[in-house]
Amino acid sequence: MRTNRPSVAAGRPERATVHATRVDTVASRETAARQTPLRAGCRMGGTALLALVITVRDDAIDVRSRSGGAGAEGNQRGRKRTLAVSKAGADSGRRALELLFAFTEQRPVASVRQLAEDLQIPVPTAHRYVALLRDMGLIEERERGQYHLTMRVAALGRAARSATPLVHIAEPYMRELSEQIDETVLLVRMVHGLPVCIHRVESLRPFRLSFEPGQNMPPLRGASVRLLIGGLPESERERYVDRALAAGSLPPVSGRDAFLSDIARAVDQGWDVSREEIDEGVWAASAPIKEGGLTRAALSAPCPAFRLDESKRSAIIDQVRKTAEHISQALSG
């Protein structure tokens, strides 16, 4: 390539040649010899021009390509760049999923600004995640600026339940229990250290709960949670409670020490009840589901308190406990 450049010595225009040296990233720059004319910014034989070192002579401009560094130093820098890009990609994927989980039964529709506030991210960043999820068919715009989940997300939930043997085994027992007591029945288990409602069988007279299947439950409240924590070794129960408190979870209604005592009591008697710990006006009976002596999940029957008297509560406790035992036997096979 030829360019006009004022002469350094005489001040008059003269022809100058731009050359570029091919430099392999593992070779010494001082030993590179073959020169090929090219335009800056292109690729030479698969070697990218990462930087240019320009030397002005009296008769030419020599343009040499330089990699990020020679030998091991350059390789190390390349690895750091790769790791940084990988981490950024993983963080972005995590944020996109968090945005997806921000939609709930209580708020099925949300604006981009609301989603940004939930995730504590800038609004332009939330716009990018919304665009990505919309392109994938996971959310759609119902009206101007308002988004909601699509039925494709519901299909993911059905696929997850189908792949869980526990749900397959527990389902018929849960339906039978729901018909017997005429109330909704839940299946709760620990997922990545947090209690999650993984399945729900609705009664013919459903009522509104504060969580959906797939959503986390309060880590330190409820009869099911106490039974699940009780399934941990005693040495780990206090650590679980302290970690949850440090993470800002709602504290136990009875306080930390009383909560740990309640866990031990629930484990000893093999069932537990809760009174308005999660939802106002809701009483619930729970029992553990075990496999091989280990607690796998908890069966729970939340009921509106106004529909129950003492006799009805006792009957529900007994039926929940027996159903949990039947599921445990089916799991152990």
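Fair warning: this is a prediction, and the values are worked out from it, not measured in the lab. (Residues numbered from 1 in each chain as written. Predicted model: local features only at pLDDT ≥ 70, side-chain atom pairs only at ≥ 80, totals over all residues. Heavy atoms only, no water.)

1. A short note on the sheet that holds strand E13 (residues 272-275)
For step 1, the next point in the chain: Across the sheet, which stays open at both edges, the 5 strands sit in the order E12-E11-E15-E14-E13 with antiparallel pairing between neighbours. Either end of the sheet is taken by a strand with one partner, and the two such strands are strand E12 (194-201) and E13. Taking the axes of each pair of neighbouring strands and ignoring which way they run, one obtains an average angle of 30° across the sheet.
For step 2, the next point in the chain: Bridging between E13 and strand E14 (residues 282-291) involves 4 bridges; their strand directions are antiparallel. Along E14, the bridge assignment pairs Arg 275 with Trp 283. (Pairing = 2+ DSSP bridges. Helix = DSSP H or I, 4+ residues; strand = E, 2+ residues; numbered from the N terminus. Axes fitted to C-alpha atoms, helices over the stretch in contact; angles between N-to-C directions.)

2. Points about the pattern of salt bridges
If charged atoms from side chains of opposite charge come close, those side chains can pair.
For step 1, the next point in the chain: Following the criterion strictly, the structure yields 17 salt bridges and no others.
For step 2, the next point in the chain: With a shortest N-O distance of 2.5 Å, Arg 226 and Asp 272 are connected by a salt bridge. With Arg 226 in helix H6 (residues 223-230) and Asp 272 in strand E13, this residue pair connects regions lying 46 residues apart in the sequence. No difference in accessibility class separates Arg 226 from Asp 272, as the two residues are buried. (Salt bridge = Lys/Arg side-chain N within 4 Å of Asp/Glu carboxyl O. Buried < 20%, exposed > 50% of the residue type's maximum accessible area, 1.4 Å probe, protein only.)

3. Section: the nonpolar core
For step 1, the next point in the chain: Leu 187, Trp 283, Ile 289, Leu 299, Ile 316 and Val 320 are the most contacted members of the largest nonpolar core, which has 27 residues in total.
For step 2, the next point in the chain: Looking at this core, the elements that each hand over two or more residues are helix H5 (165-181), strand E11 (185-191), E12, E14, strand E15 (294-304) and helix H9 (310-332).
For step 3, the next point in the chain: With residues up to four places along the chain from it excluded, the contact list for Ile 289 reads Leu 166, Leu 187, Leu 294, Thr 295, Arg 296, Ala 297, Ala 298, Leu 299, Ala 324, Ile 327, Ser 328 and Leu 331.
For step 4, the next point in the chain: Counting residues in each nonpolar core, the second largest holds 19 residues, with Val 112, Ile 121, Ala 126 and Ile 139 among its members. (Core = buried A, V, L, I, M, F, W, Y, C linked by side-chain atoms within 4.5 Å. Contact = heavy atoms within 4.5 Å.)

4. Section: the packing of H6 against helix H8 (residues 256-269)
For step 1, the next point in the chain: Closest axis-to-axis distance for the H6/H8 pair is 9 Å, and the angle between their directions is 80°. Put simply, H6 runs roughly perpendicular to H8. Residues Arg 226, Leu 227, Ile 229 and Gly 230 of H6 lie in contact with H8, whose contacting residues are Phe 259, Asp 262, Ile 263, Ala 266 and Val 267.
For step 2, the next point in the chain: Residue composition of the contact of H6 with H8, grouped by class: 6 nonpolar, 1 polar and 2 charged. (Parallel < 35°, antiparallel > 145°, perpendicular 65-115°, else oblique. Nonpolar A, V, L, I, M, F, W, Y, C, P; charged D, E, K, R; others polar.)

5. Brief notes about the sheet that holds strand E8 (residues 109-111)
For step 1, the next point in the chain: Strand order in the open sheet formed by 3 strands is E8-E10-E9, and the pairing between neighbours is antiparallel. Each edge of the sheet is formed by a strand with only one pairing partner; in this case those strands are E8 and strand E9 (139-143). Across this sheet, the average inter-strand angle for adjacent strands is 45°, counted without regard to direction.
For step 2, the next point in the chain: Across 4 bridges, E9 lies against strand E10 (residues 146-149) in antiparallel orientation. Along E10, the bridge assignment pairs Glu 141 with Tyr 147.
For step 3, the next point in the chain: Sitting on the sheet, helix H2 (residues 112-119) touches E8 and E10, and the angle it makes with E8 is about 85°.
For step 4, the next point in the chain: Sitting on the sheet, helix H3 (residues 123-135) touches E9 and E10, and the angle it makes with E9 is about 105°.

6. Some words on H6
Within an α-helix, residues lying three or four positions from one another point in the same direction, as the helix has 3.6 residues per turn.
For step 1, the next point in the chain: In terms of burial, H6 is a largely internal element, 8 of the 8 residues being buried.
For step 2, the next point in the chain: Listed in full, the buried residues belonging to H6 are Ala 223, Ser 224, Val 225, Arg 226, Leu 227, Leu 228, Ile 229 and Gly 230.

7. Some thoughts on the packing of H2 against H3
For step 1, the next point in the chain: Two numbers describe how H2 lies on H3: the axes approach to 9 Å, and their chain directions differ by 110°. Here H2 lies roughly perpendicular to H3, going by the angle between them. Here Val 112, Arg 113, Leu 115 and Ala 116 of H2 lie close against H3, whose contacting residues are Val 123, Ala 126, His 127 and Val 130.
For step 2, the next point in the chain: Class assignment of the residues belonging to the contact of H2 with H3 gives a composition of 6 nonpolar, 1 polar and 1 charged.

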